[in-house]
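A closer look at the structure
Okay, here's what each chain looks like letter by letter:
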Amino acid sequence: AVSRLMESGLLRTQGLIGGKWIDAHDGKTIQVQNPATGDVIVSVPCMGKTETMSAISSAHDTYYSWSKLTASERSKRLRKWYDLIISHKDDLALLITLEGGKPLKESLGEVNYGASFIEFFAEEAKRIYGDIIPPTIDDRRLFPVGVVGAITPWNFPLAMITRKVGPALACGCTAVVKPSEYTPLTALAAAELALQAGIPPGALNIVMGNASDIGNTLLESTQVRKITFTGSTAIGKKLLAGSANTVKKVSLELGGNAPCIVFDDADLDVAVKGTLAAKFRNSGQTCVCVNRILVQEGIYEKFANAFTKAVQALQVGNGLTEGVVQGPLINKAALEKVVTFVKDATSKGADVLVGGKRHGLGGTFYEPTVLGNVNNEMLISRQEVFGPVAPLIRFKTEEEAIRMANDTDAGLAAYLFTSSIPRSWRVSEALEYGLVGVNEGLISTEVAPFGGFKQSGLGREGSKYGMDEYLEIKYVCLGNL
Ligand code: ADP
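Position labels on residues start from 1 in each chain and follow its written sequence. Given that this is a predicted model, residues contribute local features only at a pLDDT of at least 70 and side-chain atom pairs are listed and counted only at 80 or more, while totals for whole chains, interfaces and linings are drawn from all residues.

**Examining the overall build of the chain**
Looking only at helices and strands, one finds 16 helices and 20 strands in the chain. Restricting the calculation to C-alpha atoms gives the radius of gyration, and the globule rule supplies 2.2 Å times the number of residues raised to the power 0.38. The C-alpha atoms of the chain give a radius of gyration of 23 Å, which matches the 23 Å a tight globule of 481 residues would have. The principal-axis extent of the C-alpha atoms belonging to the chain is close to 70 × 60 × 40 Å. Any residue with 12 or fewer other C-beta atoms within 10 Å of its own C-beta is exposed, any with 20 or more is buried, and the rest are partly exposed; the C-beta atoms used are placed from the backbone. The burial tally for the chain puts 54% of its 481 residues in the buried class. Contact between residues is assigned whenever the C-beta positions, reconstructed from backbone atoms, fall within 7 Å. Contacts in the chain between residues at least 24 apart in sequence constitute 72% of all its contacts with a sequence separation of at least 6. The secondary structure listing takes helices from DSSP runs of H or I that are at least 4 residues long and strands from runs of E that are at least 2 residues long, numbered from the N terminus.

Written out as structure tokens, the structure reads:
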């Protein structure tokens, strides 16, 4: 697999600054591992303050020329980048699976999803409108914010970058991207394709290595006008606080604690399939993955049986193996968290309906698990498990379900299954969440706004609203002409 990637020219092992592939100034490196095998794939530079400063300065220099291009010119280059990503989709998917562990089919799905943001924002680039406000001869126009610092996680190593960089470049911003140290290779491959597409050297820079050094350098720089982050709530809060000193714009996509409510009147098949997709995607490692399944008492037994059977059938293994739908967890810490949460739940009265332990494959594999008789006070209901464990919580009334669903500081995604149209409206409205799936488990798309309420974040990504995050509004009053 690695030799195929070498031939494709997409296995890049250096950072990208000002259009040049470079090592860390002190030669330090970090290893990138395959979580399914523990094998080291390659080493990449461990960069810090020095490299980040030079990336910022190159993004800043390039900002002036990139933002002066016509929207149509930026649009053409982004479209070319999209075409290149799609024509290399197999290699990119292979990289995602190798460094992230995701089953190959899901990785292909991510390449399409990730690329869709570039396509969409290439089109939106031409549709940044201002207003002429008639009665007072005022003019409102929109201006790119400037250099953007983007910090991204490992669970969608391509899509979390394109969702930020697509609109940023479309608006005329330039970017310094810090991918997760677990999955830098997909980011570097995407950047290689961006260069090939004619995105100018310096418009998209990639630095990786010491996360807090890079993060702090981005925060301290007055040239960086915007921080956009996807990752844990704890780090997001640090970045928000750290942006105060230079008053940066901030977009945050943080952790969720997604409830999935299955009502008595739900179609059982639809509810089982939808919940399964929303829970076990990427082995439960997405911020919109279902974290708590609230099941009404009249359908509880039927749902628990059918759902457990479906979970039992999930094939676990190396994401490159045909038929595998559940890969490993990203690292040991992720595995330990799952083990701790399951232990906490069972010690407080939850039943293991299937799974409940580490997988026989060893490493960071965990058995797809269903827990029955969970309550909303257990650790697994209070925090995001980020793993293949589905806790079932029983409820009686719609009011009780809404109260439990909203009883959390998170507010990203929520799901509900019902065949009643009035209930679907009523409950969607009552849920304090930024995204709600009704009878549907997979709801992310580039054309709809993605973002959280409460402590799940600030701002929206994707859709026309995703452009606003990278624009300033300027008011010019023309008088005495
Ligand atoms: P996850 O649990 O998804 O790994 P993290 O918030 O730890 O979430 O990581 C998301 C991104 O934030 C990664 O790119 C990581 O390297 C980066 N990161 C971690 N710590 C810091 C920090 N102190 N400053 C800036 N970025 C950080």
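Once the structure has been displayed, the description carries forward.
**Examining the site of the ligand**
Residue proximity rests on one test: whether the C-beta atom, placed from the backbone, lies within 6 Å of the molecule or strand. If you check the shell around the ligand, you find 14 residues, and the closest are Ala 211, Gly 215, Gly 231, Ser 232 and Ile 235. Mapped onto the shell around the ligand, the elements with two or more residues apiece are α8 (211–220) and α9 (233–242). The element contributing the most residues to the shell around the ligand is α8, with 3 residues.

**Details of the UniProt feature "active site" (unreviewed entry) in the chain**
UniProt positions are given in the numbering used here, feature names are shortened, and annotations may be inferred rather than shown by experiment. Taking the UniProt record as the reference, the feature "active site" (unreviewed entry) is found at Glu 253. Considering the arrangement of structural elements, one finds Glu 253 in strand β11 (residues 249–253). A residue is classified by how many C-beta atoms lie within 10 Å of it, and Glu 253, with 28 of them, is buried. Those residues within four positions of Glu 253 in sequence are excluded, and the remaining contacts are Thr 230, Cys 287, Gly 451, Gly 452, Gly 457 and Glu 461.

**Looking at helix α10 (residues 268–280)**
Taking 1.5 Å per residue, 13 residues should reach 18 Å; α10 reaches 18 Å between its end C-alpha atoms and fits that length. Within the sequence span of α10, burial applies to Ala 271, Val 272, Gly 274, Thr 275, Leu 276, Ala 278, Lys 279 and Phe 280. Where α10 is buried, its residues touch β12 (258–262), β13 (290–296), α11 (300–312), β16 (389–395), β17 (413–417) and β18 (435–438). Helix span, as expected, comes to 1.5 Å for every residue beyond the first.

**What to know about the sheet that holds β17**
Here we have 7 strands laid out as an open sheet, ordered β14-β15-β16-β13-β12-β17-β18, and mixed in their pairing. Each edge of the open sheet is held by one strand with a lone partner, namely β14 (351–354) and β18. Strand after strand, the sheet turns through a mean of 25 degrees between neighbouring axes, direction not considered. Here, strands pair whenever DSSP counts at least two bridges between them. Relative to strand β15 (residues 369–374), β14 runs antiparallel, the two sharing 3 bridges. Its bridge partner being in β15, Val 354 is matched across the sheet by Val 370. This element, helix α14 (residues 398–406), spans β12, β13, β16 and β17 of the sheet and lies at about 140 degrees to β16. Relative to the sheet, helix α15 (residues 421–430) contacts β12, β17 and β18, its axis offset from that of β18 by approximately 160 degrees. Fitted lines through C-alpha atoms give the axes, limited to the stretch in contact for helices. The angle between two N-to-C directions lies from 0 to 180 degrees.

**A word on the pairing of β11**
By the criterion of burial, β11 is predominantly enclosed, with 4 of the 5 residues buried. The pairing of β11 with strand β19 (residues 457–458) spans 2 bridges and is antiparallel. The residue of β19 that forms the bridge with Leu 252 is Leu 458.

**Brief notes about α9**
Of the positions making up α9, those classed as buried are Thr 233, Gly 236 and Leu 239. Projected down its long axis, α9 carries its buried residues within an arc of 120 degrees, all on one side. Residues of α9 that are exposed and point more than 90 degrees away from the buried face comprise Ala 234 and Ala 241. In this fold, the buried residues of α9 make contact with α8, β10 (224–230), β11 and β19. When we speak of the arc, we mean the arc of directions from the helix axis to the C-beta atoms.

**Points about the packing of helix α5 (residues 104–124) against helix α6 (residues 159–171)**
Packing of α5 against α6 brings their axes to within 8 Å, and their N-to-C directions diverge by 10 degrees. One element, α5, and the other, α6, form an angle in the roughly parallel class. Between α5 and α6, the residues in contact are Glu 110, Tyr 113, Gly 114, Ala 115, Phe 117, Ile 118, Phe 121, Ala 122 and Glu 124 and Ala 159, Thr 162, Arg 163, Gly 166, Pro 167 and Ala 170, respectively. Split into classes, the residues belonging to the contact of α5 with α6 amount to 9 nonpolar, 3 polar and 3 charged. Oblique is the label for any angle not covered by the other classes, which are roughly parallel (under 35 degrees), roughly antiparallel (over 145) and roughly perpendicular (65 to 115). Under the convention adopted here, Pro, Cys and the residues Ala, Val, Leu, Ile, Met, Phe, Trp and Tyr are nonpolar, Asp, Glu, Lys and Arg are charged, and Gly plus all remaining residues are polar.

**Some thoughts on the environment of Asp 26**
Locating Asp 26 in the fold gives a position in the loop between β2 (20–22) and β3 (29–33). Judged by local crowding, Asp 26 falls into the exposed class, with 11 C-beta atoms found within 10 Å. The sequence separation of Asp 26 and Cys 46 amounts to 20 residues, and the corresponding C-alpha distance is 8.8 Å.

**With respect to the confidence of the model for the chain**
Regions with low pLDDT carry predicted coordinates that are not meant to be interpreted in detail. Note on scores: pLDDT gives the predictor's confidence for each residue, bounded by 0 and 100. Mean pLDDT over the chain: 95, with 97% of residues reaching 70 or higher. With pLDDT under 50 throughout, residues 135–141 is counted as low confidence; its partners more than four residues away or in other chains account for 15 contacts.

**Some thoughts on the nonpolar core**
Membership of the largest hydrophobic core comes to 78 residues, with the highest contact counts inside it found for Ile 85 and Ala 175. Apart from the residues within four sequence positions on either side, Ile 85 is in contact with Leu 92, Val 111, Ala 115, Ile 118, Ala 190 and Leu 193. Counting residues in each nonpolar core, the second largest holds 62 residues, with Ala 334, Val 370, Met 378 and Ala 413 among its members. Nonpolar cores are identified as sets of buried Ala, Val, Leu, Ile, Met, Phe, Trp, Tyr and Cys residues joined via C-beta atoms within 7 Å.

**Focus on the environment of Leu 320**
Within the secondary structure, Leu 320 sits in the loop between α11 and α12 (332–347). For the pair Leu 320 and Lys 105, spaced 215 residues apart in the sequence, the C-alpha separation amounts to 8.8 Å. Filtering out sequence-adjacent residues up to four positions away, Leu 320 remains in contact with Ala 1, Thr 97 and Leu 104.

**Concerning the packing of helix α4 (residues 89–100) against helix α7 (residues 184–197)**
The N-to-C vectors of α4 and α7 enclose an angle of 160 degrees; their axes lie 8 Å apart at closest approach. On the basis of their axis angle, the class for α4 and α7 is roughly antiparallel. The handedness of the crossing between α4 and α7 comes out as right-handed. Residues Leu 92, Leu 95, Ile 96 and Glu 99 of α4 form the contact with α7, whose participating residues are Leu 185, Thr 186 and Ala 189. In the contact of α4 with α7, the residues fall into 5 nonpolar, 1 polar and 1 charged. For a crossing to be left-handed, the near helix must be turned anticlockwise from the far one by less than a right angle; the clockwise case is right-handed.

**Structural notes on unusual backbone geometry**
A negative phi angle characterises most non-glycine residues, just as the trans form characterises most peptide bonds. Phi at Asn 282 is positive, roughly 50 degrees, even though this residue is not glycine. Mapped onto the secondary structure, Asn 282 falls in the loop between α10 and β13. Owing to 24 C-beta atoms within 10 Å, Asn 282 belongs among the buried residues under this scheme. At Ser 283, a position not held by glycine, the phi torsion is positive, near 55 degrees. Residue placement: Ser 283 occurs in the loop between α10 and β13.

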